[in-house]
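# A look at the structure
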Amino acid sequence: MTSSSSPSQDTKRLAQTYPEGLRADALMEEDVAWSHGIDSEWDGEQFDRSDRAALRRVAGLSTELEDVTEVEYRQLRLERVVLVGVWTSGTVQDAENSLAELAALAETAGALVLDGVIQRRDKPDAATYIGSGKAQELRDVVLETGADTVICDGELSPGQLIHLEDVVKVKVIDRTALILDIFAQHAKSREGKAQVALAQMQYMLPRLRGWGQSLSRQMGGGKGGGLATRGPGETKIETDRRRIREKMAKMRREIAEMKTGREIKRQERKRHKVPSVAIAGYTNAGKSSLLNRLTGAGVLVENALFATLDPTVRRAETPSGRLYTLADTVGFVRHLPHHLVEAFRSTMEEVGDSDLILHVVDGSHPVPEEQLAAVREVIRDVGATDVPEIVVVNKADMADPLVLQRLLRVEKRAIAVSARTGQNIDELLALIDNELPRPSVEIEALVPYTHGKLVARAHDEGEVISEEHTPEGTLLKVRVHEELAAELTPYVPAPLA
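The residue numbering used here restarts from 1 in each chain and proceeds along that chain's sequence as written. Under the rules for a predicted model, residues below a pLDDT of 70 receive no local features and side-chain atom pairs below 80 are neither given nor counted, while totals for whole chains, interfaces and linings still include all residues. In computing side-chain properties, one takes all heavy atoms of the structure into account and sets aside hydrogens as well as water.

Inclusion rule: UniProt positions are given in the numbering used here, feature names are shortened, and annotations may be inferred rather than shown by experiment.
An unreviewed UniProt entry annotates the protein as GTPase HflX of Streptomyces ardesiacus. If you open the UniProt record of the protein and go to Sequence similarities (unreviewed entry), you find "Belongs to the TRAFAC class OBG-HflX-like GTPase superfamily. HflX GTPase family." As its UniProt record puts it under Subcellular location (unreviewed entry), the protein is described as follows: "Cytoplasm".

Next up, the structure:
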């Protein structure tokens, strides 16, 4: 039940051009019109930017409901959209920020956002999400703007989806379907595509619809019909559901097999005692820019939500010369669908198995604390609550100084940096060096020159305190793990009498 019957009180219309702070570009506050030279200088080579830019949506494709005559397998073809949200708790600024993020998601998917509507309700309507009266008002907005799609800022039940489409007479999708569409556009690796396909099938399964022949039944068992055809057969839509379940089972097996390869690489790094650092954070917080700044990885950097989907692992070195791996992970977002977390669980295990988490937050965002809370909720879901965390407040060059001060005061281990300009990157590297686990055994050994591999391993796997070349061999004072210490023990100089 709505809290007020007046349209001016129940519904807050966002201007067609969106005031400052509500558009995606204003929300992110980042200029993407950089020249090629600046891109290369600050964010690496951007190897797949040209491939991404080559994708263009074709205008004029119809998404009218009457075009669909079979079971609902329609792909999203977003063109001109109207956004609608239900404001159930919090302040009006919270509701507007949520809708602004939905606008950023829609623009990332290739849509043109025409208008936005927020309705104040105690809870979403069970039938049409916004109530029958507001659904009629939404229909008027759709006719006025010429939109062909309505996007709801929440996850709709199958019944809500059908009833709202019946009223507004255009295609209706929810936040989850929009995120899945973006994921499908940006997935490049075989595992990423499989994870997206699994999540899409999980989402689509309860939302299959049937018209006409989709509800016809198969003939029963027996030969030639007659008395053998007792009982209703399986309808076509039931057959489709069964086939989707079979495909989902097959996809889970394939993802499990692909997961084995990553686990082998991870075990190899653990065997060599190479510490690992995972970059986690809200989407578009600047994780890939930070990875490029720290390692020169050359991964795609773009002012778009979920620009990076496939994980990237790169080798890095601390100022003291210690080797470690740095892994970029998929970005998170508020209200991330649970089945999406399940589909990407194998990818997110990079966070759970790391020795340190760099939690990147966008310092220029209006409410960065909400980003921190949303990411930590997903980190809890993947069981990484025991991993040490450094909060990296990125985009410090564009952030409000008062917001930076507030974040640095609240978070115990936090640092403000700018991956774009390099501000405080050296301090971040020093902080990583201090926080990474150190080898447990300190040992001094005189390694013969014929065993140079041990010296190389001491540099790669341990921390060299001092090194001196003598006529008898290399005199090392190092801090190493127990296995390498056992191999160096035979070369420990005897104490002087």
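So that's the structure; there's more coming.
## Side note on the overall build of the protein
Stated formally: In this description a helix means any DSSP run of H or I spanning at least four residues, a strand means any run of E spanning at least two, and both kinds are numbered starting from the N terminus. For each residue, the accessible area found with a 1.4 Å probe, counting protein chains only, is set against the maximum for its type, and the residue is called buried under 20%, exposed over 50%, and partly exposed in between. Residue contacts follow a heavy-atom distance rule, with two residues in contact if any of their heavy atoms lie within 4.5 Å.
The helix and strand inventory of the protein stands at 18 helices and 14 strands. Burial statistics for the protein: of 497 residues in total, 50% are counted as buried. Intrachain contacts of the protein at a sequence separation of at least 6 include 71% that bridge at least 24 residues.

## Re the packing of aromatic side chains
This is how the line gets drawn: Think of it this way: a Phe, Tyr or Trp ring, Trp meaning its six-membered ring, pairs with another when their centres are within 6.5 Å, and the plane angle makes it stacked under 30 degrees, edge-to-face over 60, tilted otherwise. Distance and angle both matter: a charge sits over a ring if NZ of Lys or CZ of Arg is within 6 Å of the ring centre and within 35 degrees of the ring normal.
All told, the structure shown has 0 aromatic pairs when counted by the stated rule. A cation sits over an aromatic face here: Arg120 above Trp87, 4.7 Å from the ring centre.

## So, the sheet that holds strand S8 (residues 323-328)
Rules: Here, a strand pair is defined by DSSP locating no fewer than two bridges between the strands. Comment: axis = line fitted to C-alpha atoms, over the contacting stretch for helices; angle = value between 0 and 180 degrees taken between N-to-C directions.
With respect to topology, 6 strands assemble into an open sheet ordered S7-S8-S6-S9-S10-S11, the strand pairing being mixed. For this open sheet the edge positions go to strand S7 (312-317) and strand S11 (414-416), each flanked by a neighbour on one side alone. Across this sheet, the average inter-strand angle for adjacent strands is 25°, counted without regard to direction. Looking at chain direction, strand S10 (residues 389-394) and S11 are connected through 3 bridges and run parallel. The residue of S11 that forms the bridge with Val393 is Ala416. The strands touched by helix H11 (residues 287-295) within the sheet are strand S6 (276-281), S7, S8, strand S9 (356-362) and S10, with S8 carrying the most contacts at an inclination of about 155°. Relative to S11, helix H15 (residues 401-410) is tilted by about 160°, and along the sheet it contacts S10 and S11.

## Let's talk about the environment of Met398
Examined against the element boundaries, Met398 turns out to sit in the loop between S10 and H15. When the C-alpha atoms of Met398 and His365 are compared, they prove to be 9.6 Å apart, with 33 residues separating the residues in sequence.

## A short note on the pairing of S6
Regular strands place their side chains on alternate faces of the sheet. When you tally the buried positions in S6, you get 6 out of 6 residues, the bulk of the element. Burial along S6 is two-sided: the face carrying Ser276, Ala278 and Ala280 and the face carrying Val277, Ile279 and Gly281 are both buried. By the bridge criterion, 4 bridges tie S6 to S8 in an arrangement that is parallel. Paired with Ala278 across the two strands is Ala327, which belongs to S8. Two strands pair when backbone bridges link them, and S6 and S9 are joined in this way by 5 bridges, in the parallel orientation.

## Considering the pattern of salt bridges
Note the threshold: When a carboxyl oxygen of Asp or Glu is within 4 Å of a side-chain nitrogen of Lys or Arg, the pair counts as a salt bridge.
Here the structure, examined in full by the defined rule, presents 14 salt bridges. With a shortest N-O distance of 3.2 Å, Glu137 and Lys134 are connected by a salt bridge. Pair noted here: Glu137 and Lys134 are both in helix H6 (residues 132-145), with a separation of 3 residues, about one helical turn. Given a relative accessible area of 28%, Glu137 falls into the partly exposed group.

## Some points on the packing of H11 against helix H16 (residues 425-435)
Condition: Working rule for angles: under 35 degrees goes down as roughly parallel, over 145 as roughly antiparallel, 65 to 115 as roughly perpendicular, anything else as oblique.
The contact between H11 and H16 brings their axes to 11 Å, and the two run at 85°. Between H11 and H16, the crossing angle belongs to the class labelled roughly perpendicular. Seen from H11, the contacting residues are Leu290, Arg293 and Leu294; seen from H16, they are Ile425, Leu428 and Leu429.

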